[in-house]
Amino acid sequence: MEQTTILPHSTTAQAASTLTAALTTDSTLPVVGVLGVEFFQEVNGEMYPLKNGAFNCLAITLVDQV
């Protein structure tokens, strides 16, 4: 599993992130890429995930056979 740091909610452009995955050589299993977004709230300088998850999302972005 690969993830970025928590990004601020602002109109300022953020640097591009590159996420990589290590795959087993000569595997015949399918590859499924999944992208998730989770929201956090800052309280007294600490970041806490929002508990209800109503606006979090998860999407399958890639399905392929290596």
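Summarised in this report is the structure supplied together with it.

## Focus: the layout of surface pockets
Within this model, the largest pocket holds a volume of roughly 1,200 Å³. In terms of lining residues, the largest pocket is bounded by 29 residues, among which Glu-2, Gln-3, Thr-4, Leu-35 and Gly-36 are the most central. Those elements giving two or more residues to the lining of the largest pocket turn out to be strand 1 (30-37) and strand 4 (57-65). Counting residues per element, the lining of the largest pocket draws most heavily on strand 1, which supplies seven residues. A breakdown of the residues in the lining of the largest pocket according to their chemical character gives 18 nonpolar, nine polar and two charged.

## Describing empty space enclosed by the protein
The tally for this structure, following the rule as stated, stands at one cavity of 30 Å³ or more. Within this model, the largest cavity holds a volume of roughly 30 Å³. Surrounding the largest cavity, Phe-39, Leu-50, Asn-52, Gly-53, Ala-54, Phe-55 and Asn-56 form its lining. In the lining of the largest cavity, the residues fall into four nonpolar, three polar and no charged.

## Some words on unusual backbone geometry
A positive phi angle is found at Asp-26, which is not glycine, with a value near 60°. By the secondary structure assignment, Asp-26 is in the segment before strand 1. We classify Asp-26 as exposed; its relative accessible area is 73%. One non-glycine residue, Asn-44, adopts positive backbone phi at about 50°. Looking at where Asn-44 falls in the secondary structure, it is placed in the loop between strand 2 (40-43) and strand 3 (46-49).

About the cut-offs
Residues numbered from 1 in each chain as written. Predicted model: local features only at pLDDT ≥ 70, side-chain atom pairs only at ≥ 80, totals over all residues. Heavy atoms only, no water. 1 Å grid on protein atoms, 1.4 Å probe; cavity = no way out; pocket = protein on both sides within 12 Å on 5 of 7 lines; lining within 4 Å. Points joined across faces, edges and corners; volume = space filled by probe spheres on them. Helix = DSSP H or I, 4+ residues; strand = E, 2+ residues; numbered from the N terminus. Nonpolar A, V, L, I, M, F, W, Y, C, P; charged D, E, K, R; others polar. Buried < 20%, exposed > 50% of the residue type's maximum accessible area, 1.4 Å probe, protein only.

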